Amino acid sequence: MHCPVKSVLYSVLAAAVLLLPPAAIIAILLAASSCSGRNGQVGPVLAAADSLMMSRPEAALDTLLTLDSTVASSLRGRERADYTLLMTEARYKCWLPVAEDTAITKAAGYYRRKGPDSRLARALMMQGAVLSERGDSEGAMAAYKEAEPAAERVGDPEQLGLLNTRIGSLYQSTVVEDESAIYRYRKALEYFERAGLPHRVMSARLSLARLLMVDSSEKAKPLLESAKSMAEEYGDRMCGLSALELMTYNHDPETDGRAIVSIVSEAFSKYGKVPLNSAEGRIYKNLATILGYGYAGLGKVDSARQVLSMMPLANRQDSLGFYHLQAEISKVDKDWETVAKSSETVWEISKSILKEGYETQLAESELRYDNAELRASLYKKERVILLSGLALVAVLAVVCVIARLILRLFRKHKIETNRLEHSLESKMIELERLKSEKDQEEASRRSLEASLSQQISSNKALIGYYNLNSEAMKKTDWDLQHL
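Residues numbered from 1 in each chain as written. Predicted model: local features only at pLDDT ≥ 70, side-chain atom pairs only at ≥ 80, totals over all residues. Heavy atoms only, no water.

Asker: Provide a residue-level description of a nonpolar patch on the surface, including the pertinent values.
Answerer: Judged by side-chain polarity, Leu 424, Met 428 and Leu 431 come together as a nonpolar surface patch covering roughly 300 Å² of accessible area. Tracing the sequence through the fold places Met 428 in helix α19 (residues 336-481). (Patch = residues over 30% accessible without salt bridge, like charges linked within 9 Å, V, L, I, M, F, W, Y side chains within 5 Å. Areas by Shrake-Rupley, 256 points an atom, 1.4 Å probe, with all protein chains shown as cover. Salt bridge = Lys/Arg side-chain N within 4 Å of Asp/Glu carboxyl O. Helix = DSSP H or I, 4+ residues; strand = E, 2+ residues; numbered from the N terminus.)

Asker: Give a detailed account of the pattern of salt bridges, specifying residues and quantitative values.
Answerer: Across all of its chains, the model carries 20 salt bridges by this definition. A salt bridge links Arg 184 to Glu 148; the shortest N-O distance between them is 2.6 Å. Taken together, the residues Arg 184 in helix α11 (residues 178-195) and Glu 148 in helix α9 (residues 137-154) connect sequence positions 36 residues apart. Here Arg 184 matches Glu 148 in class, with each residue buried. It is possible to trace a salt-bridge network through shared partners that takes in Asp 50, Asp 82, Glu 89, Arg 119 and Arg 122. (Buried < 20%, exposed > 50% of the residue type's maximum accessible area, 1.4 Å probe, protein only.)

Asker: Could you give an account of the packing of aromatic side chains, with specific residues and numbers?
Answerer: A full pass over the atoms with the stated rule returns three aromatic pairs. Where Tyr 110 meets Tyr 111, the ring centres are 5.8 Å apart and the plane angle is 80 degrees; that geometry is what we call edge-to-face. For the pair formed by Tyr 110 and Tyr 111, the shared burial category is buried. Seen in terms of ring centroids, Phe 322 and Tyr 323 are 5.2 Å apart; in terms of plane orientation they differ by 85 degrees. Their pairing is edge-to-face. (Phe/Tyr/Trp six-rings, centres within 6.5 Å; stacked < 30°, edge-to-face > 60°.)

Asker: Talk me through α9; I want residue IDs and the actual numbers.
Answerer: Residue pairs spaced three or four apart in an α-helix point in one direction, given the helix's 3.6 residues per turn. For α9, with 18 residues, the first-to-last C-alpha span of 25 Å sits near the 26 Å given by 1.5 Å per residue. Along α9, the largest kink reaches about 30 degrees and is centred on Glu 148; proline Pro 149 follows within four residues of it. Among all positions in α9, only Ser 137, Gly 139, Ala 140, Met 141, Ala 143, Tyr 144, Ala 147, Glu 148, Ala 150 and Ala 151 are buried. Gly 155, located one to two residues past α9, shows a positive phi value of around 80 degrees. (Expected span 1.5 Å × (residues − 1). Bend = angle between axes of the 7 residues up to and from the residue.)

Asker: Before we move on, could you go through a negative patch on the surface and cite the residues and values that matter?
Answerer: A cluster of acidic side chains, namely Glu 177, Asp 178, Glu 179 and Asp 215, defines a negative patch on the protein surface. Tracing the sequence through the fold places Asp 215 in the loop between α12 (198-212) and α13 (217-234). (Lys, Arg positive; Asp, Glu negative; His and termini not counted. Charge placed at Lys NZ, Arg CZ, Asp CG, Glu CD.)

Asker: Describe the environment of Lys 221, listing the residues and the values that go with them.
Answerer: With respect to the secondary-structure elements, Lys 221 resides in helix α13. For Lys 221, a relative accessible area of 45% translates into the label partly exposed. Considered as a pair, Lys 221 and Asn 250 are 29 residues apart in the sequence and their alpha carbons are 8.1 Å apart.

Encoded structure:
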């Protein structure tokens, strides 16, 4: 039954998704679904989630979760691909694990066949993210590289910037091709600047600066200054803290401790001394550690020890920083015994971290090997399927040829049968005609026999009469002779 408010609800939903809280969006979706039924709610939900994805991914995820599980599992075709893509994107942007989201590969395959390029590029980017989270860096890079031409055809600068950022990150973390990584980060920055996205521009400048600092602090400096200024302008705490943290690494604690203390003090002054979340907590730890090094470089041992006493020891990385700073402070105090013990502890912790990293790399190598094996197995299966398909096609072709021959023979047989039937019919007509003529001849013969029988009877009577007459004539002649 048609609902008069359905079109109005959809229009309001499209205009309000960027302004309303998730609860209000869900209420509108439920109202729309009450008019259109179970399947009618899918389109508006997907459209709303898509419009929220870039600005409010958590709201997009909440919107997608309003779909009943039975409805979601029954989706097919484009709706299924769209639902899979949006769900994977929402989970990824909300920092939820996506390594098990294997359905994204099928969604990418659908868009590869059906399009459009915008969805294909997004699906391949998500496929790359899933593979990267699994440890398959090569597969992730292949997915991102396949997404690139599709994204370029679409021409969305934000999407192209994100894609280049991910490719650059892979170059930096796995292949360790700094030049390629720098090239990709520069491209990402250009796309974000073209799109007019200040927050993404800030992040891109920080990423590029972090990479450039390895070779030249001077090249990184203008990027960091620009990112810091933009963070203050747009009120981005994370970007501002990150920029100040990276600035400290441009200075040597032993020779330029004053600059380090000044930068850290600026960070604490602008953003406070307490982090607001775990991501900021990591930056605050690093700032505190580098501050201790700055104090040690200035010879302010008491201040450095105060910083050391406030450092947490939650993991091996914290312990590594703690003992390393302790060794630096002990050098200033010329406490060589503590320096030796702290350095030895640092070495032991470093070895354990290196060993774990080696084991992780080994596990990743094994994973890549397993993945290669799976790909080889899949290739074999695909070849078997291909060969089986070709064999089936060949069999079907032979069957078609045989069928055509049989059909041709059947047609010839039918034509011959029709001809014989026609000939037989003609013969039957001729036979009937001959039978009719024979019957007529038989009737004529019987009539003739009857006539002949009558004629014979007449002849016998006539002969008898003639004989009597002859006897009578003879008698008469005898009588006359004897008169």
